[in-house]
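What follows is each chain in one-letter form.
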Amino acid sequence: MLSRYFSYQQFEDALKAILKTMGQKSLSDIEIGKSVKDRSIYGIKLGTGKIKILIWSQMHGNESSTTRALFKFIKSDDLDSLLRNISLYIIPVLNPDGTENWTRLNANNVDLNRDAIDLTQPESRILRSVFDHFNPDYCLNLHGQRSIFGSLDGDQPAQISFLAPAGDLEKTISQARLKSMQVINAIHGQLKNKVNGVIGRYSDDFNINCVGDYMTSKHVPTVLFEAGHSGDDYSRDRVTDLMYESLKIAINTIKKGAVIDKYDILDVYNSIPRMNKSYVDILIKNYQSISGLKTLGVQYHEQVKEGVLYFVPVLIGINREDVLYGHREIDLNDFLDYNNDLILEENLEIRSKSLDIGIFY
Ligand SMILES: [Zn+2]
């Protein structure tokens, strides 16, 4: 299986291997366009059923968990039964240049999820063209989120999150949004006891340049998936499994079809916890400075060097009131000698000979 960071070549090799097991298609048969840096973008069609679902992943290049979940989904033993009555169109990586370089943006430094109307980038135009020609009944918009999100009302990391985006400024509860909410409610119901933390719900502020908002404005139910962080899952293997489960639940819910009760759906959807930026990767407590005890917020900055993903611990704040929790918490009262050993400057890498806090894969 692909690890959290993979080069685009590794992705293409994995895709080639999957196509081989499914039949005879070669990569060139499924190429649907090119990125800014002339890398191929692929579209996979699965199933021949009536209900059409468009799925794309990694429009942000440094969000790979859902791409790995899609591979797992395509290889799953129950794929045939999942595809009954369903036609899928999957773009497993929309942003190859960002994937190669582990950046959110594409090679022109544009956020493809803010380009839905302007369509300034080739990758945005490819997605729009597939949307227009495939004419989906549902869209699944797959992303990953940073390790900063917790529930609004307590000490719970948001391991996975979802959104039924608005289709207009008034955030009208349209039939399309109800259908998206119904999918999210099913995932929440079946996975809420399996997550480490909570399942979160994103804000539905409307922005027509976000792809999900645009598609909802065209009356196509669209679900935003966000693979998040919890505990020490920096490989994001556990959340990849949760995204795989979420995809299967989504497909099975879509199959069941119609919206039954608007108010039931809204009640359940609104009960899913809203999110707050309350987490850091590491919270270091009781650091003895000249002016007293301090709490240090440390966030990993992700850097790819020669094919290896490094998590570099950077001090992002001292006694910050908005940072309440750490995925890992270190109390320096338990390690009194370590106070002398930390080299601290805001926005710089934290260095320590004795605290073992760097990670790489
Ligand atoms: Zn994203």
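Residues numbered from 1 in each chain as written. Predicted model: local features only at pLDDT ≥ 70, side-chain atom pairs only at ≥ 80, totals over all residues. Heavy atoms only, no water.

Colleague: Before we move on, can you summarise the overall build of the protein chain with the specific residues and values?
Modeller: Looking only at helices and strands, the protein chain has nine helices and 18 strands in total. Across its three principal directions, the C-alpha atoms of the protein chain cover 65 × 50 × 40 Å. By the burial criterion, 55% of the 361 residues in the protein chain qualify as buried. Nonlocal contacts in the protein chain, meaning residues at least 24 apart in sequence, comprise 76% of its contacts between residues at least 6 apart. Side chains of the protein chain give 41 positive and 47 negative charges; the mean places of these two sets differ by 5 Å. (Helix = DSSP H or I, 4+ residues; strand = E, 2+ residues; numbered from the N terminus. Buried < 20%, exposed > 50% of the residue type's maximum accessible area, 1.4 Å probe, protein only. Contact = heavy atoms within 4.5 Å. Lys, Arg positive; Asp, Glu negative; His and termini not counted. Charge placed at Lys NZ, Arg CZ, Asp CG, Glu CD.)

Colleague: So what's going on with the nonpolar core? Residues and values would help.
Modeller: One finds Leu 88, Leu 140 and Phe 225 to be the most contacted residues of the largest nonpolar core, which totals 60 residues. In terms of residues, this core owes the most to one element, helix H8 (residues 237–256), which gives nine residues. Apart from residues lying up to four places away in sequence, Phe 225 is in contact with Leu 140, Asn 141, Leu 142, His 143, Ser 161, Phe 162, Ile 187, Met 243, Ser 246, Leu 247 and Ala 250. By size, the runner-up hydrophobic cluster in this structure holds 19 residues, among which are Met 59, Tyr 89, Ile 91 and Met 215. (Core = buried A, V, L, I, M, F, W, Y, C linked by side-chain atoms within 4.5 Å.)

Colleague: Outline the coordination of the zinc ion, listing residues and values.
Modeller: At the metal site, the zinc ion is ligated by His 60 (ND1), Glu 63 (OE), Glu 63 (OE) and His 143 (ND1), and these contacts range over 2.0 to 2.6 Å. Here the zinc ion is ringed by four donor atoms whose angles at the metal span 55 to 153°, and the overall shape comes out irregular. (Donors = N, O, S within 2.8 Å, 3.2 Å for Na, K, Ca; no water. Tetrahedral: all angles 85-135°; square planar, octahedral: opposite > 155°, others 65-115°.)

Colleague: Talk me through helix H6 (residues 175–191); I want residue IDs and the actual numbers.
Modeller: In this model H6 runs 24 Å from its N-terminal to its C-terminal C-alpha over 17 residues, within 8% of the 24 Å that 1.5 Å per residue would give. Counting buried positions along H6 yields 13 of 17 residues, so the element is predominantly enclosed. (Expected span 1.5 Å × (residues − 1).)

Colleague: For the packing of aromatic side chains, give the residues involved together with the corresponding values.
Modeller: Counted according to the given criterion, the structure contains 12 aromatic pairs. Ring plane angle 80° and centroid distance 5.9 Å describe the contact between Tyr 300 and Phe 311, whose orientation is recorded as edge-to-face. Placement of Tyr 300 in strand S13 (residues 292–305) and of Phe 311 in strand S14 (residues 308–318) is noted, with a sequence separation of 11 residues between them. Judged on exposure class, the residue Tyr 300 and its partner Phe 311 are both buried. Linked through ring pairs, Phe 6, Tyr 8, Phe 11 and Phe 71 together constitute an aromatic cluster. Over the face of the ring belonging to Tyr 269 we find Arg 201, whose NZ or CZ atom lies 5.5 Å from the ring centre. A cation over an aromatic ring shows up here: Lys 305 above the ring of Tyr 310, its NZ or CZ 5.4 Å from the ring centre. (Phe/Tyr/Trp six-rings, centres within 6.5 Å; stacked < 30°, edge-to-face > 60°. Lys NZ or Arg CZ within 6 Å of the ring centre and 35° of its normal.)

Colleague: Break down the sheet that holds strand S3 (residues 44–46) for me, with residues and values.
Modeller: Taken in spatial order, the seven strands make up an open sheet running S3-S5-S4-S6-S10-S8-S9, and their pairing is mixed. Strands at the two margins of the open sheet, each flanked by one partner only, are S3 and strand S9 (198–201). Within this sheet the neighbouring strands show an average axis-to-axis angle of 20°, counted without direction. Contacts between helix H2 (residues 65–74) and the sheet are confined to S3, strand S4 (51–57), strand S5 (86–91), strand S6 (138–144) and strand S10 (222–227), with S4 contributing the most and set at about 135° to the helix. (Pairing = 2+ DSSP bridges. Axes fitted to C-alpha atoms, helices over the stretch in contact; angles between N-to-C directions.)

Colleague: I'd like to hear about the environment of Asn 95, residue by residue, with values.
Modeller: Secondary-structure assignment places Asn 95 in the loop between S5 and helix H4 (96–101). What makes Asn 95 buried here is its relative accessible area of 0%. Separated by 16 residues in sequence, Asn 95 and Asp 111 have C-alpha atoms that sit 10.0 Å apart. Setting aside residues no more than four positions away along its own chain, Asn 95 makes contact with Gln 58, Met 59, His 60, Gly 61, Thr 103, Arg 104, Leu 105, Asn 106 and Leu 112. Within the structure, Asn 95 has its side chain in polar contact with the backbone oxygen of Leu 105 (distance 3.3 Å). (Polar contact = N/O pair within 3.5 Å; in protein donor to acceptor, adjacent residues only side chain to side chain.)

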